[in-house]
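Here is how the chains run, residue by residue.
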Amino acid sequence: MSFTQQLRRDTAQLRQQILDMPFNRDLAAGTLPQEVFRGYIVQDAHYLEGFARALAMAAAKAPDADAVAQLAGSAIKAISVERGLHGEYMAQFGVSAEEYEATEISEACDHYVSFLLRMVATDDFAVGLTALLPCFWIYHEVGQKIAAEAVPGNRYQAWIDTYASEDFADGVQRMLELIDRTAAASSDATRARMQRSFARSCWHEWHFWDSAYHMRGWLAPDAEPSAKRMPAIAE
Ligand SMILES: Cc1ncc(CN)c(N)n1
């Protein structure tokens, strides 16, 4: 079994939970409230800027020219293709450039972007690289599932088409191959850290959608402690 297949097996439950999330179910049905999608798109445009920075930093740490080009190319696509899509939705929903800039990044978005930048900046190339994989892989899985279920005339069709597309699938495949090559050249200890950083990033994907669905900002100091807290896991 390849390293990325092991990652897939080890996170099967969480990935299924992501596929079953109300955000994704309602998106497929076309019933996701517009204000929820609007809030998500604004946060996600902020996320994509951070994600592209993390990809560019990973490109700078890559061990060979092919990997530099691949990761730098993915950084450009995250801005030009995905953020371009978000720009179209923002125009449609009347989000001005000023409103976008003035919108504070949510706790979930800030946490995810900070995690990616930290993993890429401070850990081995292999570990930072693996933290970036769920951003490709999970979105494609979700996009494909929703594309198969989406009702005709779905108002979120352009989003669905982007993530279910052959072009996006190609980026996922190249990332899987790069990670399998990197894992094969890494020590057992590094591979164990790669597994943890992948699992944590999958959790961040879940958290981002959960936060967007509930339109959460930041936890208030006087908020009730949440019963949903999970035990901490090592990163
Ligand atoms: C939070 C998140 N994760 C991943 C993707 C897909 N690059 C995205 N647009 N947003």
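In the nomenclature of an unreviewed UniProt entry, the protein corresponds to Aminopyrimidine aminohydrolase from the organism Paracoccus isoporae. You can read under Pathway (unreviewed entry) in the UniProt record for the protein the words "Cofactor biosynthesis; thiamine diphosphate biosynthesis."

A few words on the overall build of the protein. Of the regular secondary structure elements, the protein holds 11 helices and zero strands. In sequence order, the secondary structure elements of the protein are arranged as α-α-α-α-α-α-α-α-α-α-α. Its C-alpha atoms put the protein at 50 × 40 × 35 Å along the principal axes. Scored against the burial criterion, the 235 residues of the protein give a buried share of 36%.

Right, let's get into the site of the ligand. Taken together, the residues surrounding the ligand are Asp44, Tyr47, Leu48, Glu82, Cys135, Tyr139, Glu205 and Phe208. Those elements that place two or more of their residues in the shell around the ligand are helix H4 (34-61), helix H8 (125-149) and helix H11 (188-213). Per-element tally for the shell around the ligand: the top contributor is H4, with three residues. Class assignment for the residues of the shell around the ligand results in five nonpolar, no polar and three charged.

Using the residue numbers shown here, the UniProt feature "domain: Thiaminase-2/PQQC" (unreviewed entry) corresponds to residues 16-214. Helix makes up 84% of residues 16-214 and strand 0%, whereas the separation of the span's terminal C-alpha atoms amounts to 20 Å.

Per the UniProt annotation, the sites labelled "active site" (unreviewed entry) are Glu205. When you line up the elements, glutamate 205 lands in helix H11. Glutamate 205 sits in the buried class, given 20 other C-beta atoms within 10 Å. Excluding anything up to four places from it in sequence, glutamate 205 contacts Ile18, Pro134 and Ile138.

With that settled, the discussion passes to the nonpolar core. Grouped together as the largest cluster of nonpolar side chains are 58 residues, with contacts concentrated most on Phe51, Leu55, Leu116 and Leu132. With residues up to four places along the chain from it excluded, the contact list for leucine 55 reads Leu71, Ser74, Ala75, Ala78 and Leu132.

Okay, H8 next. Between the first and last C-alpha of H8 there are 37 Å, a value that for 25 residues agrees with the 36 Å anticipated at 1.5 Å per step. Most pronounced at leucine 132, the bend in H8 amounts to some 25 degrees, and the proline proline 134 follows within four residues.

Right, let's get into unusual backbone geometry. Positive phi, close to 50 degrees, is recorded for methionine 215, a residue that is not glycine. Here methionine 215 shows up in the segment after H11.

Along the chain, the position of leucine 117 falls in helix H7 (residues 107-122). Of the residues examined, leucine 117 has 17 C-beta atoms within 10 Å and is grouped as partly exposed. Remark: the alpha-carbon pair of leucine 117 and alanine 54, spanning 63 residues in sequence, is separated by 5.3 Å. Ignoring sequence-local partners within four residues, the contact set of leucine 117 consists of Gly50, Arg53 and Ala54.

Mapping alanine 121 onto the fold places it in helix H7. Measuring from C-alpha to C-alpha, the distance between alanine 121 and lysine 61 comes to 8.9 Å, with 60 residues separating the pair along the chain.

Definitions and cut-offs
Residues numbered from 1 in each chain as written. Predicted model: local features only at pLDDT ≥ 70, side-chain atom pairs only at ≥ 80, totals over all residues. UniProt positions renumbered as here; feature names shortened; annotations may be inferred. Helix = DSSP H or I, 4+ residues; strand = E, 2+ residues; numbered from the N terminus. Buried ≥ 20, exposed ≤ 12 C-beta atoms within 10 Å, placed from the backbone. Near = placed C-beta within 6 Å. Nonpolar A, V, L, I, M, F, W, Y, C, P; charged D, E, K, R; others polar. Contact = placed C-beta atoms within 7 Å. Core = buried A, V, L, I, M, F, W, Y, C linked by C-beta atoms within 7 Å. Expected span 1.5 Å × (residues − 1). Bend = angle between axes of the 7 residues up to and from the residue.

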